[in-house]
Amino acid sequence: MNKFVVLRDGYGETQLIVKEKDTETQSFLEVLPFESIIEVKGTVLSRPKGMENKNQKTGEIEVSVEKFRVVNKARDNLPFNIREFQKAKEPLRMQYRYLDLRFPIMQQNLRLRSKLLMKMREFLINNHFIDVETPTLFKATPGGAQEFIVPTQFPGQFYSLVQSPQQFKQMLMAGAIDRYFQIARCYRDEGVRSDRQPEFTQLDIELSFTNVDSVIKLIEDLLQYSWPQSFDPIPMRFQKMSYEEAMENYGSDKPDVRFDYKVKNCTDLFKINTKLASEENFGAYFISFPKEHANLSKQIKDSLQTSGNKYERAKLIQSKIVSTSEWLNKIGKLLTTQLASRFVEEYKIQDESVLFLAYGNKDEVLSLLGKVRLEYVNFLENLGMTIRKKGNHFLWVVDFPLFELSENSNKLQCVHHPFTAPHPDDMSDLETNPLKVRSLAYDLVMNGQEIGGGSIRIHDPALQKRILEKLNIETDSMQHILDMLGSGCPPHGGIALGLDRFLSVLLNTASIRDVIAFPKNFDGRDPLSGAPSSISEEEQRLYHIKSVLSPKKK
Ligand code: ASP
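Cut-off values and rules
Residues numbered from 1 in each chain as written. Predicted model: local features only at pLDDT ≥ 70, side-chain atom pairs only at ≥ 80, totals over all residues. Heavy atoms only, no water. Pairing = 2+ DSSP bridges. Helix = DSSP H or I, 4+ residues; strand = E, 2+ residues; numbered from the N terminus. Axes fitted to C-alpha atoms, helices over the stretch in contact; angles between N-to-C directions. 1 Å grid on protein atoms, 1.4 Å probe; cavity = no way out; pocket = protein on both sides within 12 Å on 5 of 7 lines; lining within 4 Å. Points joined across faces, edges and corners; volume = space filled by probe spheres on them. Nonpolar A, V, L, I, M, F, W, Y, C, P; charged D, E, K, R; others polar. Patch = residues over 30% accessible without salt bridge, like charges linked within 9 Å, V, L, I, M, F, W, Y side chains within 5 Å. Areas by Shrake-Rupley, 256 points an atom, 1.4 Å probe, with all protein chains shown as cover. Salt bridge = Lys/Arg side-chain N within 4 Å of Asp/Glu carboxyl O. Parallel < 35°, antiparallel > 145°, perpendicular 65-115°, else oblique. Left-handed = near helix turned anticlockwise from the far one by under 90°. Contact = heavy atoms within 4.5 Å. Near = heavy atom within 4 Å. Polar contact = N/O pair within 3.5 Å; in protein donor to acceptor, adjacent residues only side chain to side chain. Buried < 20%, exposed > 50% of the residue type's maximum accessible area, 1.4 Å probe, protein only. Core = buried A, V, L, I, M, F, W, Y, C linked by side-chain atoms within 4.5 Å. Phe/Tyr/Trp six-rings, centres within 6.5 Å; stacked < 30°, edge-to-face > 60°.

Re the sheet that holds strand β1 (residues 3-9)
Logical step 1: Reading across from one edge, β1-β2-β4-β3 is the order of the four strands in this open sheet, with mixed pairing throughout. Every interior strand has two partners, whereas the edge strands, β1 and β3 (37-46), have only one. Each strand of the sheet is rotated relative to its neighbour by a mean of 40 degrees, with strand direction disregarded.
Logical step 2: Sheet topology places strand β2 (residues 12-18) next to strand β4 (residues 61-72); two bridges connect them, and they run parallel. Bridge pairing in β4 places Leu16 opposite Val63.

As structure tokens, this is what we get:
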């Protein structure tokens, strides 16, 4: 009998046929482990009529083997086979990532990543941008994300791995490199999530003599140019929305606008109830889904309640309205019957709709409903309903606040980073009402995920100093930036696109790990080598970290 072998590489598969009379190769194949590297010479033939494989790109041909050589035998019993139908669990695939990379999907993702990055580079170089590498060993930046610390041979002195090349790219502007870009590695010692890694890659851009609209247009043109042809085209210009509008209508600063259901403000009505009105920053909002999208099973109700309970200062009420009178009963405890019927009338609440209402601290209420909105729609889509519009959707969110209050200490902290310029129209509020000041920052949102962000920067050293002081950042530690701004620095601004996240959204992967060749695992560890790992006592002495406590066992 003839024997068939599937030959696979990074480009696809081809069927080999070893004829019955070639007993030597046939018996050799019998004991040859899967995944061995072979060299074959033969003749390409059309497969016999009816034997074509429509699911294979090369399904119409096969190669009749004439010469066969084993170049490098794989060992027996590799940890898993490269078969879609019996795919190993992620931890094992990550531990043997070089095997996992052989799956066609990983091949496709990494090859598309490479092409896209090439197009982005091409676009920027054609537009007179200069690719500059900046250091990753740097000084700890006050405020912002937790950083990785690198011990040195200088006692008690450490480097920090950069969160981003932010300070360097601004220094490049002062250095007359007026259009900079870099595909830059960034490090943040934050928890790993499906959309976050401790080390990640950004397309980092900065330019002099620019403004918000120019940066926005530049990125739209860049994405247009590098957009893969195999995907539906994207519009030349993207939708824009203010931060306030995004929060008020979607309860999120990265709203998923691929579906319409919006959050609605019913604070005024609730405020007629004097007891509630007296609370500071009180807000009442709701979101309703009509009959055709009303499915409040116990499972989703419990899950939403668990999400809702995480908010201390906002309360969630969820209800399937069998009849409006039932709803009146339910909120009758909060509102007078008269106000409850006004609610039903004013907001045209329909029988048999599903309604989520939250009240309490306005910011928490909005954030809670923003989460409920997404979680409920995900649930409906998992049941097979189509709620979101198909295709990729981009949105700019602009006019972010410059400051926010930190959760635990109630101190001012920056929403973007301390180098972001305040909105010129709001300068008069800087001392008296800093929380009201908007910034010249912008975020790019794709399908409800933040894939980039940036801002116009402060170029006046006096203003930069004032902002650092407001943020309680020691100006001494930022003297190099103040000196740089005072050295004749052009006005400038920029942006960074999170390439891993962008690719993951574009390719609709379950996690950003699927678009990174060697990602960290769920605990932020390297699954291949097991790093981070301990070092010898001698090394610890060398780096002056001898007295550290041994790490807690998990
Ligand atoms: N450096 C910023 C970040 O990494 C982006 C920027 O402002 O350009 O988020």
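Back to the write-up after that little detour.
Examining empty space enclosed by the protein
Logical step 1: Going through the model one piece at a time under the given rule, you end up with three cavities of 30 Å³ or more.
Logical step 2: When its volume is computed, the largest cavity comes out at roughly 50 Å³.
Logical step 3: Considering each element in turn, the lining of the largest cavity owes the most residues, three residues, to helix α13 (residues 362-382).
Logical step 4: Its residues assigned to classes, the lining of the largest cavity comprises three nonpolar, three polar and three charged.

A few points about a nonpolar patch on the surface
Logical step 1: On the surface, Tyr98, Phe518 and Leu528 cluster together into a nonpolar patch covering about 300 Å² of accessible area.
Logical step 2: Tracing the backbone through its elements, the reader meets Tyr98 in helix α3 (residues 97-100).

With respect to the packing of helix α4 (residues 104-126) against helix α16 (residues 499-506)
Logical step 1: Here α4 crosses α16 at 120 degrees, and the two axes come no closer than 11 Å. Put simply, α4 runs oblique to α16. Of the two possible hands of crossing, α4 and α16 adopt the one that is right-handed. Residues Leu112, Arg113, Leu116, Leu117 and Met120 of α4 form the contact with α16, whose participating residues are Leu499, Asp500, Phe502, Leu503 and Leu506.
Logical step 2: Its residues assigned to classes, the contact of α4 with α16 comprises eight nonpolar, no polar and two charged.

Overview of the site of the ligand
Logical step 1: Around the ligand sit Ser164, Gln166, Lys169, Arg188, Gln202, His417, Gly453, Gly454, Arg457, Gly494, Ile495 and Ala496, and those are all the residues in its vicinity.
Logical step 2: Gln166 places a side-chain nitrogen or oxygen 2.7 Å from a nitrogen atom of the ligand.
Logical step 3: Contacts to the ligand include Lys169, whose side-chain N or O atom sits 2.8 Å from an oxygen atom.
Logical step 4: Here the ligand loses 85% of its free accessible area of 270 Å² to cover by the protein chains.
Logical step 5: Tallying contributions element by element places strand β21 (residues 492-498) first for the shell around the ligand, with three residues.
Logical step 6: Of the residues contributing to the shell around the ligand, the split by class is two nonpolar, seven polar and three charged.

As for the pairing of strand β9 (residues 179-187)
Logical step 1: Sheet topology places strand β5 (residues 130-131) next to β9; two bridges connect them, and they run parallel. Across the sheet, the residue bridging to Asp131 is Phe181, located in β9.

Section: helix α5 (residues 166-174)
Residue pairs three or four apart in sequence face the same way in an α-helix, which turns once every 3.6 residues.
Logical step 1: Counting buried residues along α5, seven of its nine residues qualify, which places the element largely inside the surrounding structure.
Logical step 2: If you check which residues of α5 are buried, you get Gln166, Gln167, Phe168, Lys169, Gln170, Leu172 and Met173.

Let's talk about the nonpolar core
Logical step 1: Ile205, Leu223 and Phe394 are the most contacted members of the largest nonpolar core, which totals 60 residues.
Logical step 2: Here the element with the most residues in this core is helix α6 (residues 212-226); it accounts for seven residues.
Logical step 3: Other than its neighbours up to four places away in sequence, Phe394 contacts Leu223, Trp227, Ile234, Phe238, Gln239, Leu444, Val445, Met446, Ile451 and Phe502.

Re the packing of aromatic side chains
Logical step 1: This structure, assessed with the given rule, holds 19 aromatic pairs.
Logical step 2: Seen in terms of ring centroids, Tyr243 and Phe400 are 5.3 Å apart; in terms of plane orientation they differ by 40 degrees. Their pairing is tilted. On the criterion of sequence distance, the pair formed by Tyr243 in helix α7 (residues 243-250) and Phe400 in the loop between β16 (394-398) and β17 (403-405) is long-range, its members being 157 residues apart.
Logical step 3: Using a relative accessible area of 2% as the deciding quantity, one classes Phe400 as buried.
Logical step 4: Centre to centre, the rings of Phe286 and Tyr347 are 4.9 Å apart; their planes meet at 65 degrees, and the pair counts as edge-to-face. Here Phe286 is found in strand β13 (residues 282-289), whereas its partner Tyr347 is found in the loop between α12 (337-346) and β15 (354-361), with 61 residues between them in sequence.

Brief notes about the layout of surface pockets
Logical step 1: Its volume calculated, the second largest pocket comes out at about 1,600 Å³.
Logical step 2: Every element with two or more residues in the lining of the second largest pocket is listed here: β1, β2, α1 (23-31), β3, α4 and α6.
Logical step 3: By residue number, the principal contributor to the lining of the second largest pocket is α4, which donates eight residues.
Logical step 4: Looking at side-chain class alone, the lining of the second largest pocket contains 20 nonpolar, 15 polar and twelve charged residues.

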